[in-house]
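So you can see what is in the structure, the chains are spelled out below.
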Amino acid sequence: MALEQRLKDVERRIAETCARSGRDPGRVNIVAVTKYVSANTAKRAVEAGMRHIGENRWPAAEEKWRLLEGQAVFHYIGSLQSRKVKDVVGKFDYIHSLDRLSLAEEIHKRAEALDIRVHCFLQVNVSGEDSKHGLAPEAVPAFVASLGKLSRIRLIGLMTMAPNVDDAEETRPVFAGLRKLMDEINGLSLLDEPLTELSMGMSGDFEVAIEEGATWVRLGSVLVGHEENDG
């Protein structure tokens, strides 16, 4: 299936989901996860109308970034090592995987050197799975409070990954939990600006995530596929 048709199908599904859940489809943004496809396929995805590109490792993303610099908005969606921050900050507009203070301090330091602010999502392990990265929900308020002095980090929302299950409906409590947590954080007035963004939902469960308030969905196989020649 052509990439343009894949995008149209996804946009239709998002619109239908928003219609039945009373949401504005304009508030749901699509990140095309291109980590399993070539730079050429990523380029064709952007040409097909996919403006936001998601990658999880700089070495694999470098060719795509150089090819698409200025044409796409890059999102870092994988676990980020502190020593790799220098490669990511300044190239990726959004980081979805902030999960520890040492990483926040490195991001702030690098952003300060570049005189920029970095949009960050705080990764939360709502499901409690050992295989998942992220802060435990109960640790989030204290962590958010600790970011106050790091002015180069603009915390805009929360991110989570749901368990990989056959029935997408089983992911609903995880997504609902993240939305509830964001409401709780905003109620504590820990930040100058309230959190407004929820990065949650992937190819197998994005419709449930949208029903529960997702504003960014990270889509790979349903949107760009896995193979270099897909589309």
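Heads up: the structure comes first, above all this text.
Here goes a summary of the coordinates provided. (Residues numbered from 1 in each chain as written. Predicted model: local features only at pLDDT ≥ 70, side-chain atom pairs only at ≥ 80, totals over all residues. Heavy atoms only, no water.)

Among all positions of helix H3 (residues 58-68), only Trp58, Ala61, Lys64, Trp65 and Leu68 are buried. Looking down the long axis of H3, one finds its buried residues gathered within 120° of arc, a one-sided arrangement. Opposite the buried face of H3, by more than 90 degrees, sit the exposed residues Glu63 and Arg66. Tucked into the core, H3 has its buried residues touching helix H2 (39-47), strand S2 (52-55), strand S3 (73-76) and helix H4 (85-88). Positive backbone phi, at 85°, marks glycine 70, one or two positions downstream of H3. (Buried < 20%, exposed > 50% of the residue type's maximum accessible area, 1.4 Å probe, protein only. Helix = DSSP H or I, 4+ residues; strand = E, 2+ residues; numbered from the N terminus. Arc of directions from axis to C-beta. Contact = heavy atoms within 4.5 Å.)

This paragraph deals with the side chain of glutamate 212. On the secondary structure map, glutamate 212 appears in the loop between helix H8 (206-211) and strand S8 (216-219). Engagement of the side chain of glutamate 212 in a polar contact is seen with the side chain of arginine 172, the distance being 2.9 Å. Side chain to side chain, glutamate 212 and arginine 179 meet in a polar contact 2.4 Å long. Aside from chain neighbours lying at most four places away, what touches glutamate 212 is Arg172, Phe175, Ala176, Arg179 and Met200. (Polar contact = N/O pair within 3.5 Å; in protein donor to acceptor, adjacent residues only side chain to side chain.)

Below, the discussion takes up the nonpolar core. Counting residues in hydrophobic clusters, the biggest one holds 65 residues, and the most contacted among them are Ile95, Leu98, Ile107, Leu122, Leu158 and Leu223. At six residues, helix H7 (residues 172-187) tops the list of elements feeding residues into this core. Sequence-distant contacts of leucine 223, that is, excluding residues within four places in its chain, are made with Leu3, Arg6, Leu7, Val10, Ile30, Ala32 and Met50. In this structure, Val31, Ile156, Met159 and Trp216 belong to the second largest nonpolar core, which totals seven residues. (Core = buried A, V, L, I, M, F, W, Y, C linked by side-chain atoms within 4.5 Å.)

Let us now look at the packing of aromatic side chains. Evaluated as defined, the whole model comprises five aromatic pairs. Judged by centre distance (5.8 Å) and plane angle (85°), the rings of phenylalanine 74 and phenylalanine 92 are edge-to-face. With a gap of 18 residues between them, phenylalanine 74 in strand S3 and phenylalanine 92 in the loop between H4 and strand S4 (94-98) connect regions that are remote in the sequence. Assigned by exposure class, phenylalanine 74 and phenylalanine 92 land together as buried. Centroid distance tyrosine 76 to phenylalanine 92: 5.3 Å. Interplanar angle 80°. Geometry classified as edge-to-face. Remark: phenylalanine 92 occurs in the loop between H4 and S4 and tyrosine 76 occurs in strand S3; sequence separation between them is 16 residues. (Phe/Tyr/Trp six-rings, centres within 6.5 Å; stacked < 30°, edge-to-face > 60°.)

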